[in-house]
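# Structural overview for review
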Amino acid sequence: MKFVKIDEKQWAEGIGKLKSGYRVFGPVKEGKDHEFRELTGDASPDMAFSNTRLSPKSVVYPQSEVMFEYTTDESRPDHHILKEPRRDDTPRAVIGIRPCDALSFLLVRRNFDSPEYKDPYWLRNYEATTFVGYGCNDPCATCFCTSAGSAPHDTQGLDALVVDRDGGYAAKAITEKGEALMKAAGWTDAMDEAEAEALFADRAAAAEKKITRQVATDKLAEKPSMDLYDAPFWEDVAFSCINCGTCTYLCPTCWCFDIQDECRGCEGVRTRNWDSCMAPLFTAHGSGHNPRGEKVQRVRQRFMHKLKYYVDKYGEGIQCVGCGRCVRSCPVNIDIRKVCDMMNAYDPEAANDCACPTT
Amino acid sequence: MTAPARQLDENRGDIMQNPYRPYPVRIDEIITETEDKNLKTFKFVFIDPEDEKRFAYLPGQFAELSVAGKGEIPIGIASSPTEKGFVKFTVNKVGLVSSHLHAMKAGDVMGIRGPLGHPYPWEALKGKNVVIIGGGFAFTTLRSSIIYMLEHRDQFGQINVIYGARTPGMLLYVDELKAWEARDDIGMHITVDGAKDPDWKYNVGFVPTITEQKAPPADENTYAIICGPPIMIKFTQPVLDKLGYGHDRIIMSLENRMKCGIGMCGRCNIGKDFVCKDGPVFTLAQLNGMPKEY
């Protein structure tokens, strides 16, 4: 049962069946945008979306997550001792994740699953999750996944892939996890393999043709890091930035976090919260000294991290999946595609002639 | 680009070891070190004695001091692994956690998470001459190093220490400094910027000046370990250059704002390296090729 066909009725019933074994997340229309939400009750995913406004990273990596609980009540024998909270390890299913977003989890995992340390919160959530992708037929004008190691129907990071088909969907299991989910949903109506493969290939090719913007990343690895760091274009890139942090908030591959203690009376928690390299406090020392106190330093950090430091650290390409969210939502039209092209083409010898970005 | 496989590794037993969980400790003793009372040394005892073995460290490493309800601060370990039964940290009163810590008392329960980061390169330092240059309250991991080297005295060549503070009352570990002064197997060069005490019998002058006068000549077998405020480092470096110290023979320990201490939260990076996980110890040769974001 590699390929199955799913008609509209089977689809709706399958989503319902999944809810008995999984916490099911899917795209839901909110205002003019779609967001990934937990589908409770008889809610079903709204598959008529291009992509969600926010990435689904919060399913695995919540914006705020309790790491420990404790009491400061000294009459209790365990006061001031940190304990992990009881966890909800119910399997999770993300229905309708786009291939670009699915790839982002593999990129982010390199940070949370290092040879020296394992982040148990991220890894447990990740292990509990089954990703059911939804092939993209109409990429946005801002999409550049094909330059970022992904594609509209790419299967990296997915457990199953669903594509549109007359009267419903066709689905293919990619991992055992995906197969198990399809079985649990009752999506077992086998599809002729040759027919299915042709359908998947046609859909993929048609969608890829619609992505017209290519971004050059091939020379990033060979550029000396300090040449790029000292490049003259950062002032221009940062000029209009208002350090709002929208880009880091939306980005599926931004993982930076803060750790804070919060108490009510004697009961306290240690939580971790998404943080942003766009905020001055992110790096401010207790002494008042701040190694990235200037806006231009923070803007440079964001792009250098994604397009150079990550490239050098892991040798596995850029820390970007080309989802285009930061391009779409930036209030001052800063475009990572242009910055990446500038970095990739940068030649310090030639730079003395003109420091202006070609926009 | 090849992405890692979707399936996780087979061997996942280690996932249950939570690197964010501090070892519970009890404050055994608090010593006010300096005349401005802004520096206190905390001596901690592990509540579970097994945790002391798990917290096996070397001089130059740091730990997150964790106070439930307040948060965590990364602090260099001031005790030496040769001192058993406790660990020591000297903390400057600066922000929320350190101020709270200064108000705590012996017997209170808190946590220590670590050891974190890389120690000074003890393997490379074996058989070598070591000159330690310290200023102000950045003397903590240097204390650890001195005690460690004296305990393994036959493994090192000449040991020299240049340590300065603003006034005699601002020097850390004064009793130990005096005891080391009395030894003939370590060259101590204590200095202050100025002393009102007519009985002050050590040096007067800034650390760079005393370094120029007292540091041993540079050679392949001599390493300098420098910790101090940026202004001291800025003016000591040209002196070491003048003395001929190679930049791969100058070892420094950095600090940056930290949260996780394990290279994940993303804020303490200098280029692609994290001060917490890839440092905090770097040679000057390494730092020369990195952004000055510290």
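Residues numbered from 1 in each chain as written. Chains lettered and ligands numbered in written order. Predicted model: local features only at pLDDT ≥ 70, side-chain atom pairs only at ≥ 80, totals over all residues. Heavy atoms only, no water.

### With respect to the overall build of chain B
Per the secondary structure count, chain B includes eight helices and 15 strands. Looking at chain B residue by residue over its 294 residues, the buried ones come to 57%. If you take every contact in chain B between residues at least 6 apart in sequence, the share linking residues at least 24 apart comes to 69%. Carbon and sulfur atoms make up 51% of the accessible area of chain B, which amounts to about 12200 Å² in all. For chain B, the separation between the mean place of its 34 positive charges and that of its 36 negative charges on side chains is 5 Å. (Helix = DSSP H or I, 4+ residues; strand = E, 2+ residues; numbered from the N terminus. Buried < 20%, exposed > 50% of the residue type's maximum accessible area, 1.4 Å probe, protein only. Contact = heavy atoms within 4.5 Å. Areas by Shrake-Rupley, 256 points an atom, 1.4 Å probe, with all protein chains shown as cover. Lys, Arg positive; Asp, Glu negative; His and termini not counted. Charge placed at Lys NZ, Arg CZ, Asp CG, Glu CD.)

### Description of the overall build of chain A
A count of helical and extended segments in chain A gives 12 helices and 10 strands. Over its C-alpha atoms chain A spans a radius of gyration of 22 Å, differing by no more than 12% from the 21 Å that the globule rule assigns to 359 residues. Its C-alpha atoms put chain A at 65 × 60 × 40 Å along the principal axes. Across the 359 residues of chain A, 56% fall into the buried class. Side chains of chain A give 46 positive and 55 negative charges; the mean places of these two sets differ by 2 Å. (Rg over C-alpha atoms; globule rule 2.2 N^0.38 Å.)

### A few points about unusual backbone geometry
Here the bond from Gly114(B) into Pro115(B) is cis, since omega is 0 degrees, no more than 30 degrees from zero. Relative to the elements of secondary structure, Pro115(B) occurs in strand E6 (residues 109-116). Put simply, Gly279(B) and Pro280(B) share a cis peptide bond, and its omega is 0 degrees. As for its position among the elements, Pro280(B) is in the loop between strand E14 (273-274) and strand E15 (281-283). For His80(A), which is not glycine, the phi dihedral falls at a positive 65 degrees. One can find His80(A) in the loop between strand E4 (64-71) and strand E5 (92-97).

### Some details on the sheet that holds strand E1 (residues 3-7) of chain A
Residue and element names in this part refer to chain A. The strand order across the open sheet built from seven strands is E1-E8-E7-E6-E5-E2-E3, with neighbouring strands paired in mixed fashion. Among the strands making up the open sheet, the edge pair consists of E1 and strand E3 (33-38). Taking each pair of neighbouring strands and ignoring which way they run, the sheet shows an average axis angle of 25 degrees. Alignment of strand E7 (residues 160-165) against strand E8 (residues 168-173), held across six bridges, turns out to be antiparallel. By the bridge assignment, Val162 is partnered in E8 with Ala171. Those strands touched by helix H1 (residues 8-18) are E1, strand E2 (23-30), E5, E7 and E8, and its axis lies near 100 degrees from that of E1. (Pairing = 2+ DSSP bridges. Axes fitted to C-alpha atoms, helices over the stretch in contact; angles between N-to-C directions.)

### Remarks on the pattern of salt bridges
Residues and elements named next belong to chain A. Counted under the stated rule, the structure contains 46 salt bridges over all chains. As a salt-bridge pair, Arg23 and Asp88 come within 3.2 Å of each other at their nearest N and O atoms. Of this pair, Arg23 sits in strand E2 while Asp88 sits in the loop between E4 and E5, and the two are 65 residues apart along the sequence. Asp88 sits in the partly exposed class, given a relative accessible area of 34%. (Salt bridge = Lys/Arg side-chain N within 4 Å of Asp/Glu carboxyl O.)

### So, the domain arrangement of chain A
Residue and element names in this part refer to chain A. By domain assignment, chain A separates into domain 1 (3-61 + 71-209) and domain 2 (225-351). Measuring from the centre of the C-alpha atoms in domain 1 to the corresponding centre in domain 2 gives 26 Å. Opposite the 34 residues of domain 1 that make contact, domain 2 presents 31 residues. In this assembly, domain 1 and domain 2 are joined by three salt bridges. Measuring nitrogen to oxygen at the nearest pair gives 2.9 Å for the salt bridge that ties Asp119 to Arg272. In this structure, the connection of domain 1 to domain 2 is made through 22 residue pairs in polar contact (both at pLDDT 80 or more). (Domains from an automatic or database assignment. Polar contact = N/O pair within 3.5 Å; in protein donor to acceptor, adjacent residues only side chain to side chain.)

### A short note on the nonpolar core
Membership of the largest hydrophobic core comes to 111 residues, with the highest contact counts inside it found for Trp122(A), Trp234(A), Val237(A), Phe257(A), Phe303(A), Met343(A) and Tyr20(B). Apart from the residues within four sequence positions on either side, Trp234(A) is in contact with Leu228(A), Tyr229(A), Val296(A), Arg300(A), Phe303(A), Met304(A), Val339(A) and Met343(A). Among the nonpolar cores identified, the runner-up in size contains 35 residues, and Tyr120(B), Ile147(B), Met149(B) and Trp200(B) belong to it. (Core = buried A, V, L, I, M, F, W, Y, C linked by side-chain atoms within 4.5 Å.)

### Side note on the interface of chain B and chain A
Residue-level contacts link 53 residues of chain B with 71 residues of chain A. Together, the buried faces of chain B and chain A total about 5100 Å²; carbon and sulfur atoms form 55% of this surface. At the surface where chain B touches chain A, the tally comes to seven salt bridges. The tally of links between chain B and chain A comes to 28 residue pairs in polar contact (both at pLDDT 80 or more). (Buried area = accessible area lost by both parts, 1.4 Å probe.)

### Details of the domain arrangement of chain B
All names here are of chain B. One can read the domain layout of chain B as domain 1 (19-116) and domain 2 (122-253). Measuring from the centre of the C-alpha atoms in domain 1 to the corresponding centre in domain 2 gives 24 Å. With 21 residues of domain 1 in contact, the opposing surface of domain 2 contributes 18 residues. For the pair domain 1 and domain 2, the two sides together bury roughly 1600 Å², of which 60% comes from carbon and sulfur. Connecting domain 1 to domain 2 are one salt bridge. The partner of Arg143 in a salt bridge is Glu83, with the nearest N and O atoms 3.0 Å apart. On the surface where domain 1 and domain 2 come into contact, there are nine residue pairs in polar contact (both at pLDDT 80 or more). Sorting the residues of the side of domain 1 that touches domain 2 by element identifies strand E2 (39-46) and strand E5 (87-92) as the ones contributing at least two each.

### Here we look at the environment of Arg292(A)
Looking at the element boundaries, Arg292(A) is found in the loop between strand E10 (267-274) and helix H9 (295-314). By relative accessible area, Arg292(A) is classed as buried at 1%. Spatially, the C-alpha atom of Arg292(A) lies 22 Å from that of Arg272(A), the residues being 20 residues apart in sequence. Within polar-contact distance, the side chain of Arg292(A) engages the side chain of Asn269(B) at 2.9 Å.

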